[in-house]
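Observations on the model geometry
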Amino acid sequence: MTRIAVKPTLQPELFVYSFPVRVYFENTDAGGVVYHAEYLKFLERARTEWLRRLGYDHQALARDHRALFVVTAMTIDFSRPARLDDSLAVSVRLESLGRVRCVFVQEVKRDDEVLAKARVTVASVTGENMKPVEIPEGLRKKMEASL
């Protein structure tokens, strides 16, 4: 019998980072539903922890590379409400990477149910004058590996 070696393909879900979030009273309106602006905080926390997972943090980037990340564009589609005490998972997937900008696709889920989807464009800028600056090479290489 002839055996054929099959090269395994990379699965995109291997490159998705998930950050857990619990919904507290401070995140909700009077009806116990998460206020829409709170999703921005959840998304930011997940991207920050994704960056930490790569071995970088915002303060070190500013101090050692004079680089800050700023959100330059964001679209969010809300499909279902999150509620008080929900346990959520906020995912981060790098969609594209340029020299200065990158685009993330993020989802907020409760179990397998998608509550919100976001597409976030982030740019690297200097802290002094907020001018575009290239993403530091070491970080960029780690980011490329997650594409």
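Let me begin by describing the structure that accompanies this report. The structure displayed is predicted, hence computed values, not measured ones. (Residues numbered from 1 in each chain as written. Predicted model: local features only at pLDDT ≥ 70, side-chain atom pairs only at ≥ 80, totals over all residues. Heavy atoms only, no water.)

A word on the overall build of the protein chain
Scanning the protein chain for helices and strands turns up 3 helices and 5 strands. Mapped in sequence order, the helices and strands of the protein chain form the string β-α-α-β-β-β-β-α. If one aligns the C-alpha atoms of the protein chain with their principal axes, the spans along those axes are about 65 × 55 × 25 Å. Relative to its full complement of 147 residues, the protein chain shows a buried share of 36%. Here the protein chain displays about 9400 Å² of accessible surface, and carbon together with sulfur accounts for 52% of that area. (Helix = DSSP H or I, 4+ residues; strand = E, 2+ residues; numbered from the N terminus. Buried < 20%, exposed > 50% of the residue type's maximum accessible area, 1.4 Å probe, protein only. Areas by Shrake-Rupley, 256 points an atom, 1.4 Å probe, with all protein chains shown as cover.)

Things to note about the environment of leucine 84
Secondary-structure assignment places leucine 84 in the loop between strand S2 (68-78) and strand S3 (87-97). Given the relative accessible area of 35%, leucine 84 is considered partly exposed. For the pair leucine 84 and asparagine 27, spaced 57 residues apart in the sequence, the C-alpha separation amounts to 7.7 Å. Residues in contact with leucine 84, not counting those within four places in the same chain, are Val23, Tyr24, Phe25, Thr28 and Gly32. (Contact = heavy atoms within 4.5 Å.)

Side note on the packing of aromatic side chains
Across all of its chains, the model carries 3 aromatic pairs by this definition. An angle of 70° between the planes, with centres 5.1 Å apart, marks the rings of tyrosine 39 and phenylalanine 78 as edge-to-face. Here the residue tyrosine 39 occupies a position in helix H1 (residues 38-53), and phenylalanine 78 occupies one in strand S2, the gap between them amounting to 39 residues. Taking the relative accessible area as the measure of exposure, tyrosine 39 reaches 4% and is therefore buried. Look at phenylalanine 78 and you get partly exposed, because its relative accessible area is 43%. Pairwise contacts between aromatic rings join Tyr39, Phe42 and Phe78 into one cluster. (Phe/Tyr/Trp six-rings, centres within 6.5 Å; stacked < 30°, edge-to-face > 60°.)

Structural notes on helix H2 (residues 58-65)
Capping of H2 at its N-terminal end is provided by aspartate 57; its side-chain oxygen lies 3.0 Å from the backbone amide nitrogen of glutamine 59. Downstream of H2 by a residue or two, arginine 66 has a phi angle that is positive, lying close to 50°. (Polar contact = N/O pair within 3.5 Å; in protein donor to acceptor, adjacent residues only side chain to side chain.)

Points about the nonpolar core
Grouped together as the largest cluster of nonpolar side chains are 31 residues, with contacts concentrated most on Trp50, Leu88, Phe104, Leu139 and Met143. At the level of secondary structure, the elements contributing two or more residues to this core comprise strand S1 (17-22), H1, S3, strand S4 (101-110), strand S5 (113-125) and helix H3 (137-145). At 6 residues, H1 tops the list of elements feeding residues into this core. When near neighbours in sequence (up to four residues on either side) are disregarded, phenylalanine 104 contacts Arg47, Trp50, Val92, Arg93, Leu94, Glu95, Ala118, Arg119, Val120 and Val122. (Core = buried A, V, L, I, M, F, W, Y, C linked by side-chain atoms within 4.5 Å.)

Some remarks on the pairing of S3
In terms of strand pairing, S1 meets S3 through 6 bridges, oriented antiparallel. Among the inter-strand pairings, arginine 22 is bridged to a residue of S3, identified as serine 87. With antiparallel pairing between neighbouring strands as the criterion, S3 and S4 make up a hairpin whose turn holds 3 residues. (Pairing = 2+ DSSP bridges.)

Examining the pattern of salt bridges
With the rule as written, the count across this model stands at 13 salt bridges. Of the charged contacts, one joins arginine 52 and glutamate 49 as a salt bridge, the two residues approaching to 3.3 Å between their closest N and O atoms. With a gap of 3 residues between them, arginine 52 and glutamate 49 both fall in helix H1, about one helical turn apart. Across the pair glutamate 95 and arginine 119 runs a salt bridge whose closest N-O atoms are separated by 2.8 Å. Of this pair, glutamate 95 sits in strand S3 while arginine 119 sits in strand S5, and the two are 24 residues apart along the sequence. The partly exposed category is assigned to arginine 119, whose relative accessible area is 41%. (Salt bridge = Lys/Arg side-chain N within 4 Å of Asp/Glu carboxyl O.)

By themselves, these are just geometric observations and shouldn't be taken as functional.
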